[in-house]
Amino acid sequence: MYDQLQSIEDRYEELGELLSDPAVVSDTKRFMALSREEANTRETVAVYRRYKVVVSGIEETEELLGENLDADMAEMAKEELSELKKEKIDLEEQIKILLLPKDPNDDKNIIMEIRGAAGGDEAALFAGDLFEMYQRYADAQGWKVEVMDANVTGIGGYKEVIMMITGESVFSKLKYESGAHRVQRVPSTESQGRIHTSTATVVVLPEAEEVEIDLADKDIRIDIYHASGAGGQHVNKTASAVRLTHIPTGIAVAMQDERSQIKNREKAMKVLRARVYDKLQQEAQSAYDSERKSAVGTGDRSERIRTYNFPQNRVTDHRIGLTIQKLDQILAGKLDEIVDSLIIYDQTSKLEELQNG
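Structure report, in brief. Per chain, residues are indexed from 1 in the order of the written sequence. pLDDT decides what is reported in this predicted model: residues at 70 or higher carry local features, side-chain atom pairs at 80 or more are listed and counted, and totals for whole chains, interfaces and linings draw on all residues regardless. Excluding hydrogens and water, the side-chain values take into account all heavy atoms of the structure.

## Quick notes on the overall build of the protein chain
Selection criterion: Only DSSP runs of H or I reaching four residues or more are called helices, and only runs of E reaching two or more are called strands; each is numbered from the N terminus. When accessible area is computed with a 1.4 Å probe and restricted to protein chains, residues below 20% of their type maximum are described as buried, those above 50% as exposed, and intermediate ones as partly exposed. Residue contacts are counted whenever heavy atoms from the two residues lie within 4.5 Å of one another. Note on areas: Shrake-Rupley with a 1.4 Å probe; residue coverage comes only from the protein chains shown.
The helix and strand inventory of the protein chain stands at ten helices and eleven strands. Within the span of the protein chain, comprising 357 residues, buried residues form 39% of the whole. Within the protein chain, contacts between residues at least 6 apart in sequence are counted, and of these 61% link residues at least 24 apart. Accessible area for the protein chain stands at about 19,700 Å²; split by element, carbon and sulfur atoms hold 48% of it.

## Description of the pairing of strand S3 (residues 158-166)
Quick note on the threshold: One bridge is not enough; two strands pair if DSSP finds at least two bridges between them.
In terms of strand pairing, strand S1 (residues 110-116) meets S3 through six bridges, oriented antiparallel. When the bridges of S3 are listed, Met112 appears paired with Met163. With eight bridges connecting them, strand S2 (residues 144-152) and S3 associate as antiparallel partners. Looking at S3, one finds that Val152 is bridged to Tyr158. With antiparallel pairing between neighbouring strands as the criterion, S2 and S3 make up a hairpin whose turn holds five residues, including Gly156 at a positive phi of roughly 105°.

## Observations concerning the sheet that holds strand S8 (residues 251-255)
As a reminder of what qualifies: Under this scheme, a helix contributes an axis fitted over its contacting stretch, all axes are lines through C-alpha atoms, and angles between N-to-C directions fall in the 0 to 180 degree range.
The three strands lie next to each other as S6-S7-S8, forming an open sheet whose pairing is antiparallel. Edge positions in the sheet fall to strand S6 (220-225) and S8, since each of these pairs with one other strand and no more. Direction aside, the axes of adjacent strands within the sheet are offset by 15° on average. As paired elements, strand S7 (residues 241-246) and S8 share five bridges and run antiparallel to each other. Residue pairing across strands places Thr245 opposite Ala252, the latter belonging to S8.

## A closer look at the nonpolar core
One recurring pattern in soluble globular proteins is that nonpolar side chains are buried together. Filter applied, for reference: Residues enter a nonpolar core if they are buried and are Ala, Val, Leu, Ile, Met, Phe, Trp, Tyr or Cys, with the set joined through side-chain atoms within 4.5 Å.
Formed by 36 residues in total, the largest nonpolar core has its most connected members in Met112, Ile114, Leu130, Tyr134, Leu174 and Tyr308. Looking at this core, the elements with two or more residues in it are S1, helix H5 (120-141), S3, helix H6 (170-174), strand S5 (196-206), strand S11 (322-324), helix H9 (327-331) and helix H10 (336-355). Examining the composition of this core, we find that eight residues originate from one element, H5, more than from any other. With near-sequence residues (within four places) excluded, Leu174 lies in contact with Ile110, Met112, Tyr134, Tyr137, Trp143, Ile165 and Val204. Counting residues in hydrophobic clusters, the runner-up holds 19 residues, among them Ile162, Leu244, Leu272 and Val276.

## Overview of unusual backbone geometry
In this model, Ser169 sits at a positive phi of 50°, which is unusual for a non-glycine residue. Counting through the fold element by element, Ser169 comes out in the loop between S3 and H6. The residue Asn313 is not glycine, and still its phi comes out positive at about 50°. When you line up the elements, Asn313 lands in the loop between strand S9 (304-309) and strand S10 (314-317).

## Points about the packing of aromatic side chains
The geometry of two aromatic rings is summed up by the distance between their centres and the angle between their planes. Here is the rule: The pairing test for Phe, Tyr and Trp rings, Trp by its six-membered ring, is centres within 6.5 Å, and the orientation test on the planes gives stacked under 30 degrees, edge-to-face over 60, and tilted for anything in between.
The full count for this structure, using the stated rule, is three aromatic pairs. For the ring pair Phe126 and Tyr308, a centre distance of 5.3 Å and an interplane angle of 65° mean the geometry is edge-to-face. One end of the pair, Phe126, is in helix H5; the other, Tyr308, is in strand S9, with 182 residues separating them in the sequence. Both residues of the pair, Phe126 and Tyr308, belong to the buried class. Taking the centre distance of 5.3 Å and the plane angle of 65° together, the rings of Phe131 and Tyr158 count as edge-to-face. Taken together, the residues Phe131 in helix H5 and Tyr158 in strand S3 connect sequence positions 27 residues apart.

Given below as structure tokens:
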């Protein structure tokens, strides 16, 4: 493990030199790639360097205790040794987590798809609540949200909304959100005050670059048609809506949010690439370890992952048994407690799996 840490530190120092090299700075693509690599190893190197200081401190303090010290000095040295040993154990746990195999998609932007499912209008309204929740969380993280397509219902909810979230390590924090989200509340249309249960589904896809997945032109069928819904005269006069179908997988994406056919095609291609990339990844993952799927993994998209109970102001994540009595805050975008708990649970599970072989 420590050989691995030393090689990471050596590479980190090499990256520092490369990033100050004018030839690298002038090559934007290479500079960005090396910057990401440097950022990804920064925390590991900082913890490893502190670990080396602590180990050295333990050795020096133990040597000191071997000498003839007066009672006060000996007591101080013992206290310092105890604190250093405790810190060493904490740092070793941090290092184990930092050395876990990294999800190659963690640094990526995402395409998030939210759909009203069971529950009619109430499900569409809840889909709108989830959309606003993620939007607020993204704002708090300093991320950018772009709505790519939206199918709005007459009462203000969403049958479907697709958005792209760009920023630092978006996928690493939102990848656990895929699944069925259930709401329990009294709908505004309910005159008897009865609690209804509705669901909305969330799918989180890592953005796929062209270099990662090559969709050949011959494999894509393009259909152009007139947009439907809001848009005034433009709806009837301009054939701007685009449907792309990836023939080998049968995955289709329709986009009509923009007035421009070209822009709709660009957006549809981004979503199509992400969906095909995700499908191929899901298939590869299933083939690799269908028996060892993580409890909070992104495998089963139909799994009910979370319940939002309005009468009791309660949110429960069923995968990790986490219950929080702060529904109002969660819907206001304060998702850190849930996100952090899911990350820690996933890391701990992977660590146990690694240790158990």
